[in-house]
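Tertiary structure, described
As a plain string of letters, each chain reads:
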Amino acid sequence: MSDHCIRDRDLAAVAAATPEPYYLRRREFLRLFGLGVAASAFLPLTSQAASTGFPDALNAGYKLDGVKITPEDLVTSYNNFNEWGQAKDQPKELANRGWKTRPWSIEIGGLCANPRKMDVDELIQLLGPIERRNYRHRCVEAWSMVIPWDGFPLAKLVDLAQPKGEAKYVRFASFFDSANCRAQRSNDFPWPYTEGLTIEESRHELAFLAVGLYGKPLPNQNGAPIRLVVPWKYGFKSAKSLAKIEFVAEQPKTLWNQLAPNEYGFYANVNPNVDHPRWSQKSERVIGAGFFSGKQATLMFNGYEKQVGHLYAGMDLRKNF
Ligand SMILES: Nc1nc2c(c(=O)[nH]1)N[C@H]1C(S)=C(S)[C@@H](COP(=O)(O)O)O[C@H]1N2
Ligand SMILES: [Mo]
């Protein structure tokens, strides 16, 4: 594509207008992933206000017209990342005190024909180009955001791995590094953070691996260098800072389900009709909407019912919560 030089010019403009760390992170992104060529079905981000210099493109199917995108400073400062503290403002602080998320090795294994362990940036090069998707994010704690992720469909990784017929589930494990992560020296949680999807869910076009947000590499607190994003499920399914992705025959144990099986099920599909034992799931607080704005109604499958409803046809969603 010929907007190569446009991008270079944009980059100079960004350099002039952007605080140094952000500029450097954008440049790093260009260096790492600049090879991706946007398909014509995508809108080049050079036409987008927040896009300058970033080599990805908005997937027009995931624009979320009429929905307000959560400001970047809130997406990167109001976080759940229990490895780095339990309060929402702690991960931004604690995950950035020398924790190194590059270089980063990621392992793909289990019941698949093409297992491999490789550097995350090689994997990203292999699975790119990077696309932008605006996704609703609904935490089980009844708050929500809308986040512009940069990444690629999880299905691309599944295809690369070539799962065997016996593989019915995919298990996702976050990093385990008790030398550098203080919380992981405690047994309060069954570390590493683990999550799982059925193989059908993992192949669904909405299931996403994010490597950036707002056109920059993921900040540590959001799950650098690569994290899962499953927008029709409660946020806890979207495991951060992935170290291992494994194809397995049995439904994998997950961290929250082990801690509180009556509160956090394996499926964890967003569902306003099935309350959490300790609070209602009918509505949600929109982060950044302002103190005086009311709650907003929570949508079935977080608004993605048309796309994913068929995966759960005939299933008792009260039992399989
Ligand atoms: N490894 C790990 N992944 C995690 C969590 C966590 O504590 N550890 N929290 C989950 C929860 S509850 C939510 S809501 C989202 C938050 O993602 P964000 O901070 O990028 O918005 O990450 C999920 N992934
Ligand atoms: Mo969450």
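Residues numbered from 1 in each chain as written. Chains lettered and ligands numbered in written order. Predicted model: local features only at pLDDT ≥ 70, side-chain atom pairs only at ≥ 80, totals over all residues. Heavy atoms only, no water.

**Details of the environment of tyrosine 169**
So the rule is basically this: Note on conventions: DSSP H or I runs of at least 4 residues are helices, E runs of at least 2 residues are strands, and numbering of each starts at the N terminus.
Relative to the helices and strands, tyrosine 169 is located in strand β7 (residues 169-174). Counting along the chain gives 58 residues from tyrosine 169 to leucine 111, while the straight-line C-alpha distance between them is 9.7 Å.

**Brief notes about the site of ligand 1**
Stated precisely, the cut-off is as follows: Put simply, a residue is near a molecule or strand once any heavy atom of it comes within 4 Å of that molecule or strand. Each polar contact in these results corresponds to two N or O atoms within 3.5 Å; when the atoms are within protein, one needs to be able to donate a hydrogen and the other to accept it, and residues that are neighboring in sequence are counted only if both atoms are side-chain atoms. In these tables, accessible area is a Shrake-Rupley quantity obtained with a 1.4 Å probe, and a residue counts as shielded only by the protein chains included in the view. Basically, the charged four are Asp, Glu, Lys and Arg, the nonpolar ten are Ala, Val, Leu, Ile, Met, Phe, Trp, Tyr, Cys and Pro, and anything else, Gly included, counts as polar.
Near ligand 1, the surroundings consist of 16 residues, among which Asn79, Asn82, Glu83, Ser238 and Lys240 are the closest. In this structure, a nitrogen atom belonging to ligand 1 sits 2.9 Å away from a side-chain N or O atom of serine 174. Relative to its unbound accessible surface of 540 Å², ligand 1 loses 99% to contact with the protein. Looking at the shell around ligand 1 residue by residue, the class counts come to five nonpolar, eight polar and three charged.

**A look at the pattern of salt bridges**
To be explicit about the condition: Criterion for a salt bridge: a side-chain nitrogen of Lys or Arg within 4 Å of a carboxyl oxygen of Asp or Glu.
Enumeration according to the criterion identifies 13 salt bridges in this entry. Across the salt bridge formed by lysine 88 and glutamate 141, the nearest N and O atoms sit 3.0 Å from each other. You can see lysine 88 sitting in the loop between α3 (72-75) and α4 (90-94) and its partner glutamate 141 sitting in the loop between β5 (131-139) and β6 (143-153), a full 53 residues away along the chain. Note that glutamate 284 and arginine 138 form a salt bridge whose closest N and O atoms lie 2.9 Å from each other. Here glutamate 284 is found in strand β13 (residues 283-286), whereas its partner arginine 138 is found in strand β5, with 146 residues between them in sequence.

**What to know about the packing of aromatic side chains**
Note the cut-off: Paired rings are identified among Phe, Tyr and Trp, the last through its six-membered ring, by centres lying within 6.5 Å, and are further divided according to the angle between planes into stacked (under 30 degrees), edge-to-face (over 60) and tilted (the rest). Think of it in three bands: with a 1.4 Å probe and only protein chains considered, a residue is buried below 20% of the maximum accessible area for its type, exposed above 50%, and partly exposed in between. Criterion for a charge above a ring: Arg CZ or Lys NZ at most 6 Å from the ring centre, at most 35 degrees from the ring normal.
Here the structure, examined in full by the defined rule, presents 20 aromatic pairs. Between tyrosine 62 and tyrosine 135, the aromatic rings sit 5.8 Å apart at their centres with planes inclined by 90 degrees, giving edge-to-face as the arrangement. Of the two residues, tyrosine 62 sits in the loop between β2 (57-59) and α3 while tyrosine 135 sits in strand β5, which places them 73 residues apart along the sequence. Tyrosine 135 gets classed as buried once you look at its relative accessible area, which sits at 0%. Ring geometry for phenylalanine 81 versus phenylalanine 175: centroids 6.3 Å apart, planes at 85 degrees, classification edge-to-face. Of this pair, phenylalanine 81 sits in the loop between α3 and α4 while phenylalanine 175 is found in the loop between β7 and β8 (194-198), placing the two residues 94 residues apart along the sequence. Residue phenylalanine 175 is classed as buried on the basis of its relative accessible area of 4%. In textbook terms, an aromatic cluster arises when at least three aromatic residues are bridged by ring pairs, as seen for Phe81, Trp84, Trp99, Trp104 and Phe175. Taking the ring centre of tyrosine 304 as reference, the NZ or CZ of arginine 136 above it sits at 5.5 Å.

**Some remarks on the side chain of threonine 198**
How we decide: Residue contacts follow a heavy-atom distance rule, with two residues in contact if any of their heavy atoms lie within 4.5 Å.
Note on placement: threonine 198 falls in strand β8. Here threonine 198 falls in the buried class, since its relative accessible area comes to 10%. With near-sequence residues (within four places) excluded, threonine 198 lies in contact with Lys168, Tyr169, Phe266 and Tyr267.

**Section: the packing of helix α5 (residues 120-127) against helix α6 (residues 154-161)**
Applied cut-off: Where helices are involved, their axes are fitted lines through C-alpha atoms of the stretch in contact, as for all axes, and angles between N-to-C directions lie from 0 to 180°. Here roughly perpendicular refers to angles of 65 to 115 degrees, roughly parallel to angles under 35, roughly antiparallel to angles over 145, and oblique to all remaining angles.
Here α5 crosses α6 at 100 degrees, and the two axes come no closer than 10 Å. The orientation of α5 with respect to α6, classified from their angle, is roughly perpendicular. For the pair α5 and α6, the contacting residues are Leu123, Leu126 and Leu127 in the first and Lys156, Leu157 and Leu160 in the second.

**A short note on the sheet that holds β8**
Counted only if it meets this: When DSSP finds at least two bridges between two strands, those strands are taken to pair.
With mixed pairing, the five strands of this open sheet are ordered in space as β4-β3-β12-β7-β8. For this open sheet the edge positions go to β4 (116-119) and β8, each flanked by a neighbour on one side alone. Neighbouring strand axes in the sheet, compared pairwise and without regard to direction, differ in orientation by 15 degrees on average. In the sheet, β7 pairs with strand β12 (residues 242-248) via six bridges, with the strands oriented antiparallel. For arginine 171, the partnering residue across the bridge sits in β12 and is glutamate 246. Against the sheet, α5 makes contact with β3 (105-110) and β4, and its axis sits at roughly 100 degrees relative to β4, the strand it touches most.

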